[in-house]
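Structural overview for review
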Amino acid sequence: MQIFYGKAALMEYLTSIKTTNSSIGFVPTMGALHEGHQSLMLQSTKENDITVVSIFVNPTQFNNPEDLEKYPRTLETDIIKIASINPDIIVFAPTVDDMYEGKTLSQSFDFDGLENKMEGKFRPGHFDGVGTIVKRLFEIVKPTKAYFGEKDFQQVQIVKKMVEKNQLPVIIIVCPIYREINNLAMSSRNERLTLHEREEAAIIYKILNEAKAKFSKSSAEKTTQWVNNEFKKNKTFTLEYFEIADEKTLTTCKRKNKNKKYRAFIAVFVNNIRLIDTISLN
Ligand code: PAF
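In short, a report on the structure.

Parameters and conventions
Residues numbered from 1 in each chain as written. Predicted model: local features only at pLDDT ≥ 70, side-chain atom pairs only at ≥ 80, totals over all residues. Heavy atoms only, no water. Near = heavy atom within 4 Å. Polar contact = N/O pair within 3.5 Å; in protein donor to acceptor, adjacent residues only side chain to side chain. Areas by Shrake-Rupley, 256 points an atom, 1.4 Å probe, with all protein chains shown as cover. Nonpolar A, V, L, I, M, F, W, Y, C, P; charged D, E, K, R; others polar. Phe/Tyr/Trp six-rings, centres within 6.5 Å; stacked < 30°, edge-to-face > 60°. Buried < 20%, exposed > 50% of the residue type's maximum accessible area, 1.4 Å probe, protein only. Lys NZ or Arg CZ within 6 Å of the ring centre and 35° of its normal. Axes fitted to C-alpha atoms, helices over the stretch in contact; angles between N-to-C directions. Helix = DSSP H or I, 4+ residues; strand = E, 2+ residues; numbered from the N terminus. Parallel < 35°, antiparallel > 145°, perpendicular 65-115°, else oblique. Left-handed = near helix turned anticlockwise from the far one by under 90°. Contact = heavy atoms within 4.5 Å. Pairing = 2+ DSSP bridges. Salt bridge = Lys/Arg side-chain N within 4 Å of Asp/Glu carboxyl O.

**Some thoughts on the site of the ligand**
- Neighbouring residues of the ligand: P28, T29, M30, N58, Q61, I133, F148 and Q155.
- Here an oxygen atom of the ligand sits 2.7 Å away from a polar atom, N or O, in the side chain of Q155.
- Calculation on the ligand without its partners gives an accessible area of 290 Å², and the protein chains cover 89% of this total.
- In terms of residue class, the shell around the ligand is made up of four nonpolar, four polar and no charged.

Rendered as structure tokens:
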């Protein structure tokens, strides 16, 4: 198995194995790999000659120092998991210094307003950090296709916008959300939950599903109000936001339009751990 801890060595290796026709699939991750990540890797190995997985906890996308500090780092187990999927997968696990060359700062992006909504509103600077690292990783790996999970739907829209604006020659592939048995969306942050919190977290998807049913008969405002009330009754979870938004523009739905596709987005806190989820509404 090939593992690289620095970009120069990875780039040199990729140049040496690539032919003019070979395709590179890329799965960017922050590690603590779960089945959702595994599904992205499997799809990439099926669709490409070469697959690269990056494992890098990117400091510039964390607006909360405690979240960055406590983010699970499980490189050894991650490497074993990757090898069990396919030992030909190339792992890129760079250091912060290698990626940022002494200046751990993000570039400032204009994502046509997508960056100011939901995650962007509640995590200032988050999407500049994501844009900076994803662009840098794309420049290093030069992928044909890059694979992202739908759970981070807003991130996917941001990455697509970045690709479009910078005319990067990469196809963005969006893969479905993987859920635990109780329907909690898989996330590396789930590792930080207690067993009890993890069980209770079933409420997030349950409420999303009920909101979907309500939205089919009533307005976005009433549905949002209902979700807010449900979380007021809950002692374990604190709702940060629930939004019903247009899938394309991510603008809040004020009045339903039959021709638009809507999606519900949610972020909740449990014991300082932040969980997000999303569901398509029509
Ligand atoms: O979704 C993630 O894990 C991260 O935001 C990403 C895309 C790897 C960038 O650091």
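**Some details on the packing of aromatic side chains**
- Tallied over the full model, the rule gives eight aromatic pairs.
- For the ring pair F62 and Y71, a centre distance of 5.5 Å and an interplane angle of 75 degrees mean the geometry is edge-to-face.
- The exposure class assigned to F62 is buried, which follows from its relative accessible area of 10%.
- A residue is classified by how much of its surface remains accessible, and Y71, at 7% relative accessible area, is buried.
- Its guanidinium or amino end placed over the ring of W226, K214 lies 4.8 Å from that ring's centre, counting from NZ or CZ.

**Things to note about the packing of helix 10 (residues 202-217) against helix 11 (residues 220-232)**
- Two elements in contact, helix 10 and helix 11, have axes whose closest approach is 9 Å; the angle formed by their N-to-C orientations is 150 degrees. By the angle between their axes, helix 10 is roughly antiparallel relative to helix 11. Handedness of the helix 10/helix 11 crossing: right-handed. For the pair helix 10 and helix 11, the contacting residues are I207, E210, A211, K214 and F215 in the first and A220, T223, W226, V227, E230 and F231 in the second.
- For the contact of helix 10 with helix 11, a count of residues per class yields seven nonpolar, one polar and three charged.

**Observations regarding the sheet that holds strand 5 (residues 145-149)**
- Overall, parallel pairing links the six strands, which are arranged 1-4-3-2-5-6 in an open sheet. One side of each edge strand has no neighbouring strand; the edge strands of this open sheet are strand 1 (3-4) and strand 6 (171-175).
- For strand 3 (residues 50-55) and strand 4 (residues 90-92), the ladder comprises three bridges, and the chain directions are parallel. In the sheet register, S54 faces strand 4, and the bridge partner there is F92.
- Where helix 2 (residues 35-47) meets the sheet, it contacts strand 2 (24-29), strand 3, strand 5 and strand 6, and its direction lies at approximately 155 degrees from that of strand 5.
- Against the sheet, helix 8 (residues 153-165) touches strand 5 and strand 6, its axis set at about 170 degrees to strand 6.

**Focus on unusual backbone geometry**
- Unlike most non-glycine residues, A32 shows phi in positive territory, near 50 degrees.
- For A32, the position within the fold is in the loop between strand 2 and helix 2.
- In this structure A32 comes out as buried when scored by relative accessible area, which is 2%.
- Of note, E101 is a non-glycine position whose phi angle comes to about 45 degrees, a positive value.
- The residue E101 is located in the loop between helix 5 (96-100) and helix 6 (118-122) in this model.

**Considering the pattern of salt bridges**
- Throughout the structure, instances matching the rule amount to 22 salt bridges.
- For the salt bridge of K7 with E101, the shortest nitrogen-to-oxygen distance reads 2.9 Å. Placement of the pair is K7 in helix 1 (residues 7-17) and E101 in the loop between helix 5 and helix 6, with a sequence separation of 94 residues.
- Across the salt bridge formed by R123 and D67, the nearest N and O atoms sit 3.9 Å from each other.

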